[in-house]
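Here are the chains, one letter per residue:
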Amino acid sequence: MKKVLAAVLASMMVLSLAACGGGDKKETEAPKKETEKATEAPKETEKATEKATDAAKETAEKATQAAPAADGEKLKIGVCIYKFDDNFMTLYRQELQKYLEETYGAEVTVVDGKGDQAEQTNQIDNFISQGVDVLILNLVQASATETVAKTCADAGIPAVFINREPDAAELERWESEGVAATYVGADARQSGTFQGEIILDTANKGDINGDGKVSYVMLIGDPENVDAQYRTEFSVKALTDAGVEVEELFAQRGDWDQAKGQELTANALAQFGDQVEVVFANNDAMALGAIEAIEAEGRKVNEDIYLVGVDALDEATAAIKDGRMTGTVLNDHMGQSHTAADVAIKMANGEKVDTKYTVDYVKVTE
Ligand code: BGC
């Protein structure tokens, strides 16, 4: 088993974080184990940022405890990303690499799956033949999880799956068979619920024209991905659970993509015009595309239409401040990448870990 230096580096980092944060150890909900339910969350962007920072601080503290003894040899870590051309996963992978290198002195190689599962499977095979100590995997297709987990287990290489949640049966298999695999992500139901709650918090609960129902457009991510499925379902469920009647005017896949978000929203507005009261986008990239289409039609967000996304990309929080978007939900790439890294290091050192770790979402409005 290889060991990596890091105790020193990690404790230096914690010390400097503590110094920056005034030495006060704040409470945080992230990262934490699965099972806890979505809870009420602060609304201000500042609070969201503060919470993400707290999460980062806590994971750094955990890292110190988990840091393996130094023997001068670097851990080799292979990271597979489903495609580099994704706004959210770009922030995620950059932070993941930085944190692994700076906190653990690991040797990290990150590769681009280009949205092609066959290509990514080759990349995984290459990492295995290079003898990496652990793999961090953002699969192109979540449905490939079992096959990939078996390949890694056969090679004796632990696997940390990120971002695209495998189905529950596969997680149970890891548990019952003692497979060295885990999933680190967030509970997408919570993000959908928060989107719906943001609409419920508007002056007219989303019913701008007062006809007794909320007529909406849904911009769906990649429908194979549970993030897309749950956000689509739970955003609307938050409204119906609150006794609000809804009407789906238009729901189509935009594959998490800004240009597609723009095109779909333009189509929906051309077809349904003023009937459209709310645009739910499964992520911010598509919401940013929607802004272009909404403005091209001369519509005014928060006056004659509402628009919500997920991720809290900088461009989206800026749009919220400018009144061009109603709200978003922070998808904490800092907390998730740090948790994935901490767990990967533990597994590379032969420690047993849980089969699932989730990081909370946070509502972001003006
Ligand atoms: C993010 C999307 C991203 C997707 C990639 C989701 O959790 O919200 O922005 O495109 O992950 O799988």
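Quick summary incoming for the structure in this document. (Residues numbered from 1 in each chain as written. Predicted model: local features only at pLDDT ≥ 70, side-chain atom pairs only at ≥ 80, totals over all residues. Heavy atoms only, no water.)

1. Regarding the overall build of the chain
Heads up, the condition is: Helix and strand labels come from DSSP, where a helix needs a run of H or I of at least four residues and a strand needs a run of E of at least two; each type is numbered from the N terminus. For each residue, the accessible area found with a 1.4 Å probe, counting protein chains only, is set against the maximum for its type, and the residue is called buried under 20%, exposed over 50%, and partly exposed in between. We call two residues in contact when some of their heavy atoms are within 4.5 Å. For the area figures, the Shrake-Rupley method with a 1.4 Å probe applies, and any residue is considered shielded solely by the protein chains shown.
Secondary structure summary: the chain contains twelve helices and 13 strands in total. In the chain, which comprises 366 residues, the proportion classed as buried is 56%. When contacts within the chain are restricted to residue pairs at least 6 apart in sequence, those whose partners lie at least 24 apart make up 77%. With the model as given, the accessible surface of the chain reaches about 15,200 Å², and the carbon-plus-sulfur share is 48%.

2. As for unusual backbone geometry
Phi at Asp255 takes a positive value of approximately 50°, unusual for a residue other than glycine. Mapped onto the elements of the fold, Asp255 is located in the loop between strand 8 (246–253) and helix 9 (258–272).

3. What about the packing of aromatic side chains?
Short version of the rule: Two rings belonging to Phe, Tyr or Trp (six-membered ring only in the last case) form a pair when the distance between their centres is within 6.5 Å. Interplanar angles under 30 degrees mark stacking, angles over 60 mark edge-to-face geometry, and anything in between is tilted. We call a charge positioned over a ring when the NZ of a Lys or the CZ of an Arg lies within 6 Å of the ring centre and within 35 degrees of the ring normal.
Enumeration over the complete set of coordinates arrives at five aromatic pairs. Here Tyr216 and Phe280 contribute two aromatic rings whose centre-to-centre distance is 5.7 Å and whose plane-to-plane angle is 75°, an arrangement assigned as edge-to-face. Of this pair, Tyr216 sits in strand 7 (residues 214–220) while Phe280 sits in strand 9 (residues 278–281), and the two are 64 residues apart along the sequence. The burial state of Tyr216 is the same as that of Phe280; both residues are buried. Seen from the ring of Tyr82, Arg164 lies directly overhead, with NZ or CZ sitting 3.8 Å from the centre. In this structure, Arg189 is placed above the aromatic ring of Tyr230, and the distance from its NZ or CZ to the ring centre is 4.8 Å.

4. A look at the site of the ligand
Filter applied, for reference: By convention in this text, a residue qualifies as near a molecule or strand provided that one of its non-hydrogen atoms is within 4 Å of it. Each polar contact in these results corresponds to two N or O atoms within 3.5 Å; when the atoms are within protein, one needs to be able to donate a hydrogen and the other to accept it, and residues that are neighboring in sequence are counted only if both atoms are side-chain atoms. Under the grouping applied here, Gly and all other residues not named as nonpolar or charged are polar, the nonpolar ones being Ala, Val, Leu, Ile, Met, Phe, Trp, Tyr, Cys and Pro and the charged ones Asp, Glu, Lys and Arg.
Neighbouring the ligand are the residues Tyr82, Asp86, Phe88, Asn163, Arg164, Asn225, Asp227, Arg231, Trp256, Asn283, Asp311 and Asn331. Take Arg164: an N or O atom from its side chain is 2.9 Å from an oxygen atom of the ligand. For the ligand, an oxygen atom lies 2.6 Å from a polar atom in the side chain of Asp227. When the ligand is considered free in solution it has 310 Å² of accessible area, and contact with the protein chains removes 99% of it. Its residues placed into classes, the shell around the ligand shows three nonpolar, four polar and five charged.

5. Side note on the pairing of strand 9
Our working definition: Only when DSSP finds a minimum of two bridges between them are two strands counted as paired. Looking down the strands as they point away from the viewer, one classifies a crossover as right-handed if the path from the first strand across the helix to the second runs clockwise.
Residues Val278 and Phe280 point to one face of strand 9 and Val279 and Ala281 to the other, with burial holding for every one of them. Sheet topology note: the strand 7/strand 9 ladder contains four bridges and is parallel. The partner of Met218 across the bridge, within strand 9, is Phe280. Sheet analysis places strand 9 next to strand 10 (residues 306–308), joined by three bridges and oriented parallel. When the sheet's bridge partners are listed, Val278 is paired in strand 10 with Tyr306. Read as a crossover between parallel neighbours, the route from strand 9 over helix 10 (residues 284–296) to strand 10 is right-handed.

6. Observations regarding the pattern of salt bridges
The condition that has to hold: Salt bridges are defined by distance alone: a side-chain nitrogen of Lys or Arg within 4 Å of a carboxyl oxygen of Asp or Glu.
Overall, the coordinates contain 16 salt bridges when judged by the stated rule. Note that Arg231 and Asp227 form a salt bridge whose closest N and O atoms lie 3.4 Å from each other. Taken together, the positions of Arg231 and Asp227, both in helix 8 (residues 226–241) and four residues apart, correspond to about one turn of that helix. Accessibility assignment for this pair places Arg231 and Asp227 in one class, buried. A salt bridge links Lys237 to Asp241; the shortest N-O distance between them is 2.9 Å. Of this pair, Lys237 and Asp241 are both found in helix 8, four residues apart, which corresponds to roughly one turn of the helix. Several salt bridges share partner residues, and in doing so they unite Asp222, Arg253, Asp255 and Lys260 into one network.

7. A word on the pairing of strand 7
The buried fraction of strand 7 amounts to seven of the seven residues, a majority that puts the element mostly inside the structure. In this view, the connection linking strand 7 to its parallel neighbour strand 8 by way of helix 8 has right-handed handedness.

8. Thoughts on the side chain of Asp133
Looking at the element boundaries, Asp133 is found in the loop between helix 4 (117–130) and strand 4 (134–137). The exposure class assigned to Asp133 is buried, which follows from its relative accessible area of 15%. Looking at Asp133, its side chain comes within polar contact range of the main-chain nitrogen of Lys76, at 2.7 Å.

9. Things to note about helix 11 (residues 314–321)
Put simply, the rule reads: Each C-beta atom gives one direction from the helix axis, and the arc is the one those directions make.
Listed in full, the buried residues belonging to helix 11 are Ala316, Thr317, Ala319 and Ile320. What you see down the axis of helix 11 is that its buried residues fit within an arc of 155°, all on one side. In helix 11, those exposed residues whose orientation departs by more than 90 degrees from the buried face are Asp314 and Lys321. Where helix 11 ends, the next residue or the one after it, Gly323, has phi of about 75°, a positive value.

10. So, the packing of helix 4 against helix 5 (residues 145–155)
Packed helix pairs are characterised by how far apart their axes lie and by the angle those axes make with each other. The criterion, for reference: Axis lines are fitted through C-alpha atoms, for helices just across the contact stretch, and the angle between N-to-C directions can take any value from 0 to 180 degrees. Orientation categories follow fixed angle ranges, with anything under 35 degrees roughly parallel, anything over 145 roughly antiparallel, 65 to 115 roughly perpendicular, and all other angles oblique.
Contact geometry of helix 4 with helix 5 gives a least axis separation of 11 Å together with a crossing angle of 10°. Between helix 4 and helix 5, the interaxial angle falls into the category roughly parallel. Contact with helix 4, carried on its side by Ile124, Asp125 and Ile128, involves Val148, Thr151, Cys152 and Ala155 of helix 5 and no other residues of that element. Looking at the contact of helix 4 with helix 5 residue by residue, the class counts come to five nonpolar, one polar and one charged.

11. Here we look at helix 12 (residues 333–348)
What counts here: Each helix should span, by expectation, one fewer than its residue count multiplied by 1.5 Å.
Between its terminal C-alpha atoms helix 12 stretches 22 Å, which fits the 22 Å expected from 16 residues at 1.5 Å a residue. In terms of residue burial, helix 12 counts as a mostly covered element, since 14 of its 16 residues are buried. Of the residues flanking the start of helix 12, the one acting as N-cap is Asp332, its side-chain oxygen 3.2 Å from the backbone nitrogen of Met334. Immediately downstream of helix 12, the backbone of Gly350 shows phi near 80°, a positive value.

Honestly, it's all geometry; don't read function into it.
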